[in-house]
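An overview of the molecular structure
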Amino acid sequence: MNNFQWIWQYVKVNRRKLIIATFLFLISTALILVNPYIMGQIVDQVIDGNKDSLLVPFLLVMIGATLVRTITRYLYQILFEQTGQNTLFDLRQDMYKKLQELDFDFFNHTRVGDIMTRMTGDTDAIRHFVSWVSYQVLECIFYFVVSIVIMGTINWKLTLALVAVTPVIYFLTQAMARAQHPVFFQIRQSFSRLNSMVEENISGNRVVKAFVREDFEIEKFNEHNEDYKKRNMDAANVSKRFLPWQDGVANSLSVIALVFGGYLVIKGEMTLGDLVVFNGYLWMLNQPMRMSGWLINDVERFLASCVKIRQMLAAKPKIEVRNAKNQVRVQGKVEFDHVSFHFADDPEHHVLTDINFTAQPGETVGIIGETGSGKTTLVNLIGRFYDPTSGTVAIDDRNAKDYPIRELRDNISMVMQDVFLFSNTIADNISFGRPHLDEQYVQSVARIADADNFIAKMPEGYETVVGERGVGLSGGQKQRISLARALAKDPSILILDDTTSAVDMETETKIQQELGKMTTKKTTFIIANRISSVRDADQILLMEKGRVVEHGTHDELMALHGKYYEVFQKQLGLEKGEQVGNTK
Ligand SMILES: Nc1ncnc2c1ncn2[C@@H]1O[C@H](COP(=O)(O)OP(=O)(O)OP(=O)(O)O)[C@@H](O)[C@H]1O
């Protein structure tokens, strides 16, 4: 399917509007033929033929035609605009739905600025094509064909002389389209890079300021800005190469009409009135020739945008999103059976190797290990943000791959390492996973997450609106709200990825005690750096380079006198080898 056929899928739902618009367009465009014809009649009949009485009726027809043309033109332009806007609306909706469907893998490889460019600039190029370029092209074709037919009936010799230049225009148009095609793709890419850079700079503005890198960022921006300007200048240069020729050829029509037409009048093969009529229609032949260059630019911009949007719409998530037919509550048994994993773009790097463990419903699993050892990746496999490359992750003895993904995720709550809050009220953030929760419930989960106190002290309590990404809150406060959000879902499986790293140990202990008191038991995974966060877990996995190197309870691991023991000692600030008395 080419890009025109593809966009037609969206446009065709507005068929009725388009038919009316085309009808009005034909009336409006046909009326344009009236005035030059009447002018010819005025010359021949009123001036040459001395029929003065015909002047007023002729003028009235001209005024009437102009009026009707103006009204119909206004109406069809509105209808085309509505079609364009409807197309834009549907397209954006499909793109947004697609974005919700795409998985971590897509977002790992696509910059936010690039996605934003597709959602805004590209969709607008398509709207512009549907609501403006399309009828401009139609208008040009109509003018071209009709002017040739009418001029041909007046004098075929002069018409032929004028039409003789059209192959030149055709050649120029083709050559320009070929030259512009790659340039518009480059403009599109450059614009996307510029947007991505700006987006990253805004998101990272605190880092930029903290490292006093404003000048560096300005320089980087200037490079992208310069590149974007250059690409646009490339397009302007291509236009500059062709447009004067197209204009020149279009202008030559008047000269041909005047010289050759004059000659035909002198020879008596044509009346002066005919020549006036001819001249009146000349712009209709002229216009498409002049417009062709500009329209090509618009069409090329449209094509470049189509490619980017279609790429995104065609992107397939590696993990298929199937809606849950019914709500199933899992018990929360989690089993890893010989699970290994590597990212698709880095098969040499074994992020997880042969992981085996079983967590019974309601158990707590602590995961510790140095940075980059695969802890986050391991828990990401539970909610199927990625699937294992080999081995099986089973939830309640059923392969996680066999669950409709939304059904599975409905049973899991994750507090991610990189806390993200929406720019919304605190209450709405907490009830994000389960909207319309009552106030008491929201407060009760906030209490468990030790967030109730500080929220209550805020100017508008739970109705306080937090800034983008939770600006206005401390790291620990954000973590606690995000924990409350996870608890509000009342999941069977709770995953806490470094959730209490930004709170003090006392608060952490308090949170853990509250979690333990919750009525419904949850299988809980706690990723932590501090052994104090996991020491009470039913089992602890100590990870190193993607492998579980030690596995057991705190006491079992301490008795091993291995890595865990070493870490524990270090964290207590004890010298290696010193006896650790009561470890509980
Ligand atoms: N999207 C990705 N593409 C390629 N490699 C990745 C990706 N995400 C993580 N990795 C790599 O996978 C390994 C494990 O990462 P992971 O985030 O699971 O570690 P972690 O133990 O949770 O670390 P930390 O304690 O620092 O959060 C790292 O070596 C990391 O470089």
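Numbering of residues begins from 1 in every chain and follows the order in which that chain's sequence is written. Restriction of local features to residues with pLDDT of at least 70 applies here, the model being predicted, together with a cutoff of 80 or more for giving and counting side-chain atom pairs; totals for whole chains, interfaces and linings are based on all residues. Side-chain measures here rest on the full set of heavy atoms in the structure, leaving out hydrogens and waters.

1. Quick word on the site of the ligand
Think of it this way: one heavy atom of a residue within 4 Å of a molecule or strand is enough to make that residue near it. The environment of the ligand is made up of 13 residues, and the closest members are Thr371, Lys375, Thr376, Thr377 and Gln417. Contacts described as polar in this section are N or O atom pairs within 3.5 Å, which, within protein, must combine one atom able to donate a hydrogen with one able to accept it, while residues neighboring in sequence count only if both atoms come from side chains. Backbone polar atom of glycine 372 to an oxygen atom of the ligand: 2.9 Å apart, as the coordinates give it. At 3.1 Å from an oxygen atom of the ligand is found a main-chain nitrogen or oxygen belonging to serine 373. A total of 640 Å² of accessible area belongs to the ligand in isolation, and the protein chains cover 68% of it. With three residues, helix α12 (residues 375-382) is the single largest residue contributor to the shell around the ligand. Under the scheme applied here, ten amino acids are nonpolar (Ala, Val, Leu, Ile, Met, Phe, Trp, Tyr, Cys and Pro), four are charged (Asp, Glu, Lys and Arg), and all others, including Gly, are polar. Of the residues belonging to the shell around the ligand, the class tally is two nonpolar, nine polar and two charged. Accessible surface area values rest on a Shrake-Rupley calculation with a 1.4 Å probe, where residue burial reflects the displayed protein chains alone. Under the scheme used here, helices are H or I runs from DSSP no shorter than 4 residues and strands are E runs no shorter than 2 residues, and both carry numbers assigned from the N terminus.

2. Points about the UniProt feature "transmembrane region" (unreviewed entry) in the protein
UniProt positions are given in the numbering used here, feature names are shortened, and annotations may be inferred rather than shown by experiment. Mapped onto this numbering, the UniProt entry annotates "transmembrane region" (unreviewed entry) at residues 18-38, 58-76, 129-150, 156-173 and 248-266. Each end of residues 58-76 is marked by a C-alpha atom, and these two atoms are 27 Å apart; helix forms 100% of the span and strand 0%. Helix makes up 100% of residues 248-266 and strand 0%, with an end-to-end C-alpha separation of 27 Å.

3. A closer look at the packing of helix α1 (residues 3-11) against helix α4 (residues 55-101)
Contact pair α1 / α4: the axes reach a minimum separation of 9 Å and the direction vectors enclose 100 degrees. On the basis of their axis angle, the class for α1 and α4 is roughly perpendicular. In this structure, α1 contributes Trp6, Ile7, Tyr10 and Val11 to the contact, and α4 contributes Thr83, Thr87, Asp90, Leu91 and Asp94. When the residues that make up the contact of α1 with α4 are grouped by side-chain class, the tally is five nonpolar, two polar and two charged. Axis geometry follows a simple rule: fit a line to the C-alpha atoms, using only the stretch in contact for helices, then measure angles between N-to-C directions, giving values from 0 to 180 degrees. By definition in this entry, angles of less than 35 degrees are roughly parallel, angles greater than 145 are roughly antiparallel, angles of 65 to 115 are roughly perpendicular, and the rest are oblique. Contacts are assigned to residue pairs with any non-hydrogen atoms lying within 4.5 Å of each other.

4. Digging into the state of the cysteines
The disulfide definition used here is simple: a pair of cysteine sulfur atoms within 2.5 Å. Using the criterion set out here, one finds zero disulfides in the structure. Here cysteine 140 is not disulfide-linked; the sulfur of cysteine 306 is the nearest cysteine sulfur, at 20 Å. Buried residues are those whose accessible area, probed at 1.4 Å on protein chains only, stays under 20% of the maximum for their type, while exposed residues exceed 50% and partly exposed ones sit between those limits. Residue cysteine 306 is classed as buried on the basis of its relative accessible area, which comes to 0%.

5. Section: the UniProt feature "domain: ABC transmembrane type-1" (unreviewed entry) in the protein
Mapped onto the present numbering, the UniProt feature "domain: ABC transmembrane type-1" (unreviewed entry) falls at residues 19-301. Measuring from the first to the last C-alpha atom of residues 19-301 gives 26 Å, for a span that is 92% helix and 0% strand.

6. Looking at the sheet that holds strand β9 (residues 539-544)
Read from one edge of the open sheet, six strands run β6-β7-β8-β3-β9-β10, paired in mixed fashion. If you trace the sheet from one side to the other, it starts and ends with β6 (412-415) and β10 (547-552), each paired once. Strand-to-strand twist across the sheet, computed as the mean angle between neighbouring axes with direction ignored, equals 15 degrees. Here, any two strands with at least 2 DSSP bridges between them count as paired.

7. Here's the deal with the domain arrangement of the protein
With domains assigned, the protein is organised as domain 1 (3-314), domain 2 (325-411 + 493-501 + 523-576) and domain 3 (417-490). Its C-alpha centre places domain 2 at a distance of 26 Å from the equivalent point of domain 3. Taken residue by residue, the interface counts 11 residues in domain 2 and eight residues in domain 3. Summed over both partners, the accessible area lost on bringing two parts together, with a 1.4 Å probe, is the buried area. Summed over both sides, the interface of domain 2 with domain 3 buries roughly 760 Å², with 41% coming from carbon and sulfur. By definition, a salt bridge exists where a carboxyl oxygen of Asp or Glu is found within 4 Å of a side-chain nitrogen of Lys or Arg. Our count for the domain 2 to domain 3 interface comes out at zero salt bridges. For every domain, the bounds stem from an assignment made automatically or drawn from a database.

8. Concerning the sheet that holds strand β1 (residues 334-341)
Within a beta sheet, neighbouring strands are joined by backbone hydrogen bonds and run either parallel or antiparallel to one another. Read from one edge of the open sheet, four strands run β2-β1-β4-β5, paired in antiparallel fashion. Single-partner strands in this sheet number two, and they are β2 (352-359) and β5 (398-399). Here β1 pairs with strand β4 (residues 390-395) via five bridges, running antiparallel. Following the sheet pairing, phenylalanine 336 is matched in β4 by valine 393.

9. Observations regarding the pairing of β1
Pairing of β1 with β2, which is carried by five bridges, proceeds in the antiparallel orientation. What sits directly across from valine 339, in β2, is isoleucine 355.

10. Let's talk about the environment of asparagine 297
Its place among the elements puts asparagine 297 in helix α11 (residues 272-314). For asparagine 297, a relative accessible area of 9% translates into the label buried. Apart from the residues within four sequence positions on either side, asparagine 297 is in contact with Met176, Gln180, Phe184 and Ser239. Here the side chain of asparagine 297 touches glutamine 180 through a polar contact of 2.8 Å, side chain to side chain.

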